[in-house]
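# Secondary and tertiary structure notes
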Amino acid sequence: MTKLKLYEYPHPILKKKALKVESFDASLRKLLDDMLETMYACNGCGLAAPQVGISQRIVVIDIAHEDEEPAPLYMVNPEIIWRSDEQKICEEGCLSVPGQRAEVERPASVKVKYIDYNGKPQELLADEFLAVAVQHELDHLDGILYIDHISRLKRQMLLKKLDKQRKEQA
Ligand code: NI
């Protein structure tokens, strides 16, 4: 497996709407494997293909704790088909916005349909942190980052901190 290069804010690929996957073949499964490997290596719990420079509708998620068995979810062409009226606020971070976190309000539960690793259609009702992860990752496929959901003032402060952190690390 190959660890892929991560694209960070403000790379333009993160703002692009990703394209639907049309062919389910060995190269797609290789990409799913590599994305999962990359996500684990970065201690992330979700990764979308645009974050590794590939503008296609592909997401991997694993919200299992470190002391639990891995429970990877592979989602190709995922689509949210239901959102709860109930909203919930949760702190989010993103591998493309390293070192930063912010509270985001989203529907508490969602139902998502997608194609799995084996090319089979699936439906999943997600709540709790899985609902957050699914919505955060699917947003990436439409060029939306979690910082697009917070107030302009909070976003400016967060981006200032990101900038400062990058300068310190440079
Ligand atoms: Ni993210």
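Scope of this entry: the structure provided in the associated data block. (Residues numbered from 1 in each chain as written. Predicted model: local features only at pLDDT ≥ 70, side-chain atom pairs only at ≥ 80, totals over all residues. Heavy atoms only, no water.)

This next bit is on the nonpolar core. Ranked by size, the top nonpolar core spans 18 residues in total, and within it Met75 and Val134 carry the most contacts. Contributing elements (two or more residues each) for this core: strand E2 (58-61), strand E3 (73-83), strand E6 (110-115), strand E7 (121-126) and helix H2 (128-141). For this core, the leading source of residues is H2, giving six residues. In contact with valine 134, not counting residues within four places along its chain, are Ile61, Met75, Val110, Val112 and Ala126. Core analysis: the next-biggest nonpolar cluster, separate from the first, contains 15 residues, Met39, Ile58, Val60 and Tyr74 among them. (Core = buried A, V, L, I, M, F, W, Y, C linked by side-chain atoms within 4.5 Å. Buried < 20%, exposed > 50% of the residue type's maximum accessible area, 1.4 Å probe, protein only. Helix = DSSP H or I, 4+ residues; strand = E, 2+ residues; numbered from the N terminus. Contact = heavy atoms within 4.5 Å.)

Attention now moves to the coordination of the nickel ion. For the nickel ion, the full set of protein donor atoms is Cys94 (SG), His136 (NE2) and His140 (NE2), and the range of their distances to it is 2.1 to 2.2 Å. Here the donor residues for the nickel ion map to a single chain with the spacing C-x41-H-x3-H. Here cysteine 94 is found in strand E4 (residues 87-94), whereas its partner histidine 140 is found in helix H2, with 46 residues between them in sequence. (Donors = N, O, S within 2.8 Å, 3.2 Å for Na, K, Ca; no water.)

To continue, consider the pattern of salt bridges. In total, this model carries 12 salt bridges according to the counting rule given. The shortest N-O distance in the salt bridge between aspartate 142 and lysine 17 comes to 3.0 Å. Taken together, the residues aspartate 142 in the loop between H2 and helix H3 (152-169) and lysine 17 in the segment before helix H1 (26-41) connect sequence positions 125 residues apart. For aspartate 142, a relative accessible area of 32% corresponds to the partly exposed category. Here lysine 17 falls in the exposed class, since its relative accessible area comes to 58%. A salt bridge links arginine 106 to glutamate 92; the nearest nitrogen and oxygen atoms lie 2.7 Å apart. Of this pair, arginine 106 sits in strand E5 (residues 97-107) while glutamate 92 sits in strand E4; the two residues are 14 residues apart in sequence, bridging distant segments of the chain. (Salt bridge = Lys/Arg side-chain N within 4 Å of Asp/Glu carboxyl O.)

Only one face of E6 is buried, namely the one carrying Val110, Val112 and Tyr114, since none of Lys111, Lys113 and Ile115 on the opposite face is buried. Bridge count between E3 and E6: five bridges; the pairing is antiparallel. Opposite glutamate 79, over in E6, you have lysine 113 as the bridge partner. Of the strand pairs in this sheet, E6 and E7 are connected by six bridges, and their pairing is antiparallel. Residue pairing in the sheet places valine 112 in a bridge with leucine 124 of E7. From the end of E6 to the start of E7, which pair antiparallel, there are five residues, and glycine 119 there has a positive phi angle of about 80°. (Pairing = 2+ DSSP bridges.)

It is worth spelling out the side chain of histidine 136 at this point. Along the chain, histidine 136 turns up in helix H2. On the accessibility criterion, histidine 136 (6% relative accessible area) is buried. Beyond its immediate stretch of four places on either side in the chain, histidine 136 contacts Glu92, Gly93, Cys94, Arg106 and Tyr146.

The next point concerns the packing of aromatic side chains. Evaluation of the coordinates by the stated rule reveals one aromatic pair. Residues tyrosine 74 and tyrosine 117 carry aromatic rings whose centres are separated by 4.7 Å and whose planes lie at 50° to one another, so their mutual orientation is tilted. Separated by 43 residues along the polypeptide, tyrosine 74 in strand E3 and tyrosine 117 in the loop between E6 and E7 bring together distant segments of the chain. The class for tyrosine 117 is partly exposed, based on a relative accessible area of 24%. Its end group placed over the ring of tyrosine 7, lysine 5 keeps NZ or CZ at 4.7 Å from the ring centre. (Phe/Tyr/Trp six-rings, centres within 6.5 Å; stacked < 30°, edge-to-face > 60°. Lys NZ or Arg CZ within 6 Å of the ring centre and 35° of its normal.)

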